[in-house]
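# Examining the three-dimensional arrangement
These are the residues of each chain, in order.
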Amino acid sequence: PGVHERDMTGCEFLARVTSGKEWDAINNELDRMDLGEVLEWGVNTFGNRLVDVTSFGYSGMAVLHKMKEAGLLGQIPVVTIDTLHLFDETYNFIGQVRNEMSITTFSRYAPKDYDQRAGFDEAYGADLWKTEPDRYNYLSKVEPTM
């Protein structure tokens with residue numbers, strides 16, 4: 001059966017895909033779809049388990065635009081990872097996009113126990129991203145999503 005013909009949830013389906021041939025078949029079908037069709041497939045396959053994780057860069061903005069165009073912004077929650085070390089312009093842009101696109105299902109993940117840069121920098125040092133990049137990435141990008 002094609003990727004649209006499932007009698008189980010998307011996660012149940014993907015958990016049962018075990019061979020490279022099965023993955024190849026899914027990828028081949030998705031490769032023939034445009035972005036809007038892939039998003040619809042994601043909604044149909046994963047339901048309320050689907051989220052859009054974005055840093056609001058070029059590709060993320062293209063996906064958000066297509067989600068809005070397809071009427072999916074209210075169905076697919078938007079998530080961003082805030083390292084607390086973004087430029088002020090980035091924070092302003094995120095706010096502007098959220099307002100202009102009426103993004104209401106939005107979550108921001110930041111380092112555990114910190115929502116402001118000053119506290120994080122006081123605990124770990126302002127240059128942790130330079131002196132210990134693996135630790136910085138874990139604390140600011142991995143741990144918040146666990």
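Structural data are supplied above this passage.
Criteria and thresholds
- Residues numbered from 1 in each chain as written.
- Predicted model: local features only at pLDDT ≥ 70, side-chain atom pairs only at ≥ 80, totals over all residues.
- Heavy atoms only, no water.
- Helix = DSSP H or I, 4+ residues; strand = E, 2+ residues; numbered from the N terminus.
- Expected span 1.5 Å × (residues − 1).
- Polar contact = N/O pair within 3.5 Å; in protein donor to acceptor, adjacent residues only side chain to side chain.
- Pairing = 2+ DSSP bridges.
- Right-handed = clockwise from strand over helix to strand, strands pointing away.
- Buried < 20%, exposed > 50% of the residue type's maximum accessible area, 1.4 Å probe, protein only.

## Quick notes on helix α3 (residues 35-46)
Counted at 1.5 Å a residue, the expected span for α3 with its 12 residues is 16 Å, and the 16 Å between its end C-alpha atoms agrees. Sitting at the head of α3, D34 places a side-chain oxygen 3.1 Å from the backbone nitrogen of G36. Just past α3, the residue G47 takes up positive phi, approximately 55°.

## So, the side chain of D121
Summarising the element assignment, D121 is placed in helix α6 (residues 117-124). At a separation of 2.8 Å, a polar atom in the side chain of D121 contacts the side chain of H85.

## A short note on the pairing of strand β3 (residues 106-109)
Relative to β3, strand β2 (residues 78-81) runs parallel, the two being bridged by 4 bridges. Residue T80 lies in a different strand from β3, and its bridge partner there is R108. Between the parallel elements β2 and β3, the chain passes through helix α5 (residues 88-100) in a crossover that is right-handed.

## A word on the sheet that holds β2
Strand order in this open sheet of 3 strands is β1-β2-β3, and the pairing throughout is parallel. The sheet terminates laterally at β1 (52-53) and β3, the two strands that pair on one side only. Across 2 bridges, the pairing between β1 and β2 is parallel. Along β2, the bridge assignment pairs D52 with V78.

## Some remarks on the environment of N137
Along the chain, N137 falls in helix α8 (residues 133-142). As a C-alpha pair, N137 and P111 span 26 residues in sequence and 9.8 Å in three-dimensional space.

## Points about the side chain of D82
Mapped onto the secondary structure, D82 falls in the loop between β2 and α5. Given a relative accessible area of 4%, D82 falls into the buried group. Polar contacts involving the side chain of D82 include one to the side chain of R108, which spans 2.7 Å.

## Examining unusual backbone geometry
A positive phi angle, close to 65°, is found at F56, a residue other than glycine. Looking at where F56 falls in the secondary structure, it is placed in the loop between β1 and α4 (58-69). Taking the relative accessible area as the measure of exposure, F56 reaches 5% and is therefore buried. Phi at D113 is positive, roughly 75°, even though this residue is not glycine. Here D113 shows up in the loop between β3 and α6.

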